[in-house]
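The lines below spell out each chain.
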Number of protein chains: 2
Amino acid sequence: MSLVRVHNFSVSLDGYGTGEGQRLEEPFGHAGHRLHEWFFATRTFRRMQGEEGGETGVDDAMARTWGEGIGAEIMGRNKFGPQRGPWEDHAWQGWWGAEPPFHTPVFVLTHHPRPDLEMAGGTTFHFLDAAPQEALRRARQAAGGLDVRLGGGPTMVREFLAADLVDHLHVVVVPILLGRGEPLWDGLEGLEQRFRIESVTSPSGVTHLTFTRP
Amino acid sequence: MSLVRVHNFSVSLDGYGTGEGQRLEEPFGHAGHRLHEWFFATRTFRRMQGEEGGETGVDDAMARTWGEGIGAEIMGRNKFGPQRGPWEDHAWQGWWGAEPPFHTPVFVLTHHPRPDLEMAGGTTFHFLDAAPQEALRRARQAAGGLDVRLGGGPTMVREFLAADLVDHLHVVVVPILLGRGEPLWDGLEGLEQRFRIESVTSPSGVTHLTFTRP
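Here's a quick rundown of the structure. Keep in mind it's a predicted model, so treat the numbers as computed, not measured. (Residues numbered from 1 in each chain as written. Chains lettered and ligands numbered in written order. Predicted model: local features only at pLDDT ≥ 70, side-chain atom pairs only at ≥ 80, totals over all residues. Heavy atoms only, no water.)

### Examining the overall build of chain A
When you go through chain A residue by residue, the secondary structure sums to six helices and 11 strands. For 214 residues, the compact-globule estimate of 2.2 N^0.38 gives 17 Å, and the C-alpha radius of gyration of chain A, at 16 Å, lies within 12% of that figure. Scored against the burial criterion, the 214 residues of chain A give a buried share of 52%. Intrachain contacts of chain A at a sequence separation of at least 6 include 64% that bridge at least 24 residues. Working note: accessible area of chain A is about 9400 Å², and carbon and sulfur atoms make up 50% of it. (Helix = DSSP H or I, 4+ residues; strand = E, 2+ residues; numbered from the N terminus. Rg over C-alpha atoms; globule rule 2.2 N^0.38 Å. Buried < 20%, exposed > 50% of the residue type's maximum accessible area, 1.4 Å probe, protein only. Contact = heavy atoms within 4.5 Å. Areas by Shrake-Rupley, 256 points an atom, 1.4 Å probe, with all protein chains shown as cover.)

So this is what it looks like as structure tokens:
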């Protein structure tokens, strides 16, 4: 059976996966880049950007399994773009330029579906108004036996966790206090009982937590 | 200048320093002992109980500085006992038996003062209806040049952090999700900017964070 995986999901010490006030200039709202500085420094991220260099320590080791064995991604609409409500037009093609780093089918959960969007490099965005179970069924179908990655944001990861659909959760606790934004942990009391949890800190100051099925 | 220190302060991954529903049989409410299992296993805790044994690894190393150089403690009333509102009588003498492990003056913050309570072993409880600054002034006076420890619970630690009165904060993140209880981090956006923060995980699965003045 293919697994459902979450990777490189940063949260602040007070549990916010993104800040308040997402907009075109601030995809993570008032959090800015602070939740992802550890990731931007890695070789894994640099390669996703088509760049060289980057560190290859603990953070990179944790980050690099992101793409291995993944056949499809599911993401929330707020990860796809800053728009809310009905689409005014279909000009927006995501934050990632002409060749997004996914290279698989990507299912965007939205109450406002729009036509499929085929990008360079193997990424096709499908827009889906569906509950987690149905979205996962569609993504698994598209993944051809490979794993399905949940790309975030916090709300959709939380919904999939609440529905007990996640097999591997990699959370990165960044020691900052955002104070406001989208919480990851709300409504998940007792989550730890369904998982085996390991933790490791890295020299960048973040703590990597992995939740895996026991 | 004497420092204001917080030690061994456990929070769940979702930021609760104690559970919901504190009562005589459950000092930490529905959290039970889950926030403090790492601490109970240490030699430091065993010694506080007058017992032998206990582990002497990372958790113990982090726990043991608890009492060093401390001349007074300030604690919230809910740490002292499960009662709320006016005291029905003065029979309650805290959770710790005839000889509490503090061995210094302890200032209990409460809107309902009562007479001083002198216990065996050097602990005297003073009951004080005061704001953080005034409580700290009193505690410093009693500490004779030594440091002052803030004993919790979450609400009083949060108030002292908000007033920027804390010099050393040792928080232990336990990978459980309580879902409800007393939050530590609320209203502290940007706290990290006032501190130098280090993290280390231990084999017990918890992450120790130290916030110190840069």
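Moving on from the coordinates now.
### A few points about unusual backbone geometry
Across residues other than glycine, the phi torsion is negative in most instances, and most of the peptide bonds are trans. Residue and element names in this part refer to chain A. Omega for the bond connecting G152 with G153 falls within 30 degrees of zero, at 5°, which places this linkage in the cis form. Looking at the secondary structure, you find G153 in the loop between β7 (147-150) and α6 (154-162). One non-glycine residue with positive phi stands out, namely H103, at about 60°. Mapped onto the secondary structure, H103 falls in the loop between α4 (77-80) and β4 (105-109). Look at D164: it is not a glycine, yet its phi comes out positive at around 55°. Locating D164 in the fold gives a position in the loop between α6 and β8 (168-174).

### Description of the interface of chain A and chain B
The accessible area lost on association of the parts is a frequent measure of interface size. With 26 residues of chain A at the contact, the number on the chain B side is 26 residues. Here chain A meets chain B over a buried area of about 1900 Å², counting both sides, of which 58% is carbon and sulfur. By the criterion of area lost to chain B, the three top residues of chain A are L13, L177 and E189 of chain A, representing 34% of everything that side buries. Connecting chain A to chain B are four salt bridges. (Buried area = accessible area lost by both parts, 1.4 Å probe. Salt bridge = Lys/Arg side-chain N within 4 Å of Asp/Glu carboxyl O.)

### Details of helix α5 (residues 132-143) of chain A
Residues and elements named next belong to chain A. Here α5 spans 16 Å end to end across 12 residues, near enough to the 16 Å set by a 1.5 Å rise per residue. Buried within α5 are the following residues: P132, A135, L136, A139 and A143. Down the axis of α5, the buried set is contained in an arc of 95°. They therefore lie on one face. On the buried face of α5, the contacting elements are β1 (4-12), β3 (70-76), β4, β6 (124-128), β7 and α6. (Expected span 1.5 Å × (residues − 1). Arc of directions from axis to C-beta.)

### A closer look at the sheet that holds β3 of chain A
Residues and elements named next belong to chain A. If you walk across this open sheet you meet the nine strands as β5-β6-β4-β3-β7-β1-β8-β11-β10, and the pairing is mixed. Looking at which strands have only one partner, the edges of the open sheet turn out to be β5 (117-118) and β10 (196-201). Inspection of the sheet shows β5 paired to β6 by two bridges, in the antiparallel sense. Paired with E118 across the strands is T124, a residue of β6. The strands that α5 touches are β1, β3, β4, β6 and β7; relative to β3, the one it contacts most, it runs at about 150°. Seen against the sheet, α6 touches β1, β3, β4, β7 and β8 and runs at an angle of roughly 110° to β3. (Pairing = 2+ DSSP bridges. Axes fitted to C-alpha atoms, helices over the stretch in contact; angles between N-to-C directions.)

### As for helix α5 (residues 132-143) of chain B
Those residues of α5 of chain B hidden inside the fold are in contact with β1 (4-12), β3 (70-76), β4 (105-109), β6 (124-128), β7 (147-150) and α6 (154-162) of chain B. Directly beyond the C-terminal end of α5 of chain B, a positive phi value near 55° is found at G144 of chain B.

### Quick notes on the relation of the copies chain A and chain B
Of the transformation placing chain A onto chain B, the axial shift is 0.0 Å and the rotation is 180°, giving an RMSD of 0.0 Å. Here the symmetry operator amounts to a two-fold rotation axis. Taking C-alpha positions as the reference, the residue of chain A nearest the rotation axis is T201 of chain A, at 3.1 Å. Here 100% of the interface residues in chain A have copies in chain B that are interface residues too; the copies meet face to matching face. (Least-squares fit on C-alpha atoms with pLDDT ≥ 70 in both.)

### A word on empty space enclosed by the protein
Empty space among the atoms becomes apparent when a probe as large as a water molecule is rolled across them. Inspection of every chain in the model, using the stated rule, returns two cavities of 30 Å³ or more. Of the volumes computed, that of the largest cavity is approximately 80 Å³. Lining the largest cavity are 15 residues, and of these V173, T207 and L209 of chain A together with V173 and T207 of chain B lie nearest its centre. Of all the elements in the fold, those that place two or more residues in the lining of the largest cavity are β8 and β11 (207-212) of chain A together with β11 (207-212) of chain B. Each residue belonging to the lining of the largest cavity can be placed in one class, and the counts come to nine nonpolar, six polar and no charged. Quantified by volume, the second largest cavity comes out at close to 40 Å³. If you trace the second largest cavity, you find it lined by V11, S12, L13, V173 and W185 of chain A together with S12, L13, V173 and W185 of chain B. When the residues that make up the lining of the second largest cavity are grouped by side-chain class, the tally is seven nonpolar, two polar and no charged. (1 Å grid on protein atoms, 1.4 Å probe; cavity = no way out; pocket = protein on both sides within 12 Å on 5 of 7 lines; lining within 4 Å. Points joined across faces, edges and corners; volume = space filled by probe spheres on them. Nonpolar A, V, L, I, M, F, W, Y, C, P; charged D, E, K, R; others polar.)

### With respect to the pairing of β6 of chain B
Residue and element names in this part refer to chain B. Extensive coverage of β6 is indicated by the burial of five of its five residues. Neither face of β6 is left uncovered, since the one carrying T124, H126 and L128 and the one carrying F125 and F127 both have all their residues buried. Sheet analysis places β4 next to β6, joined by five bridges and oriented parallel. Within β6, the residue paired with V108 across the bridge is F127. Connecting strand β5 (residues 117-118) to the antiparallel partner β6 that follows it, the hairpin turn spans five residues, and G121 within it adopts a positive phi of roughly 85°.

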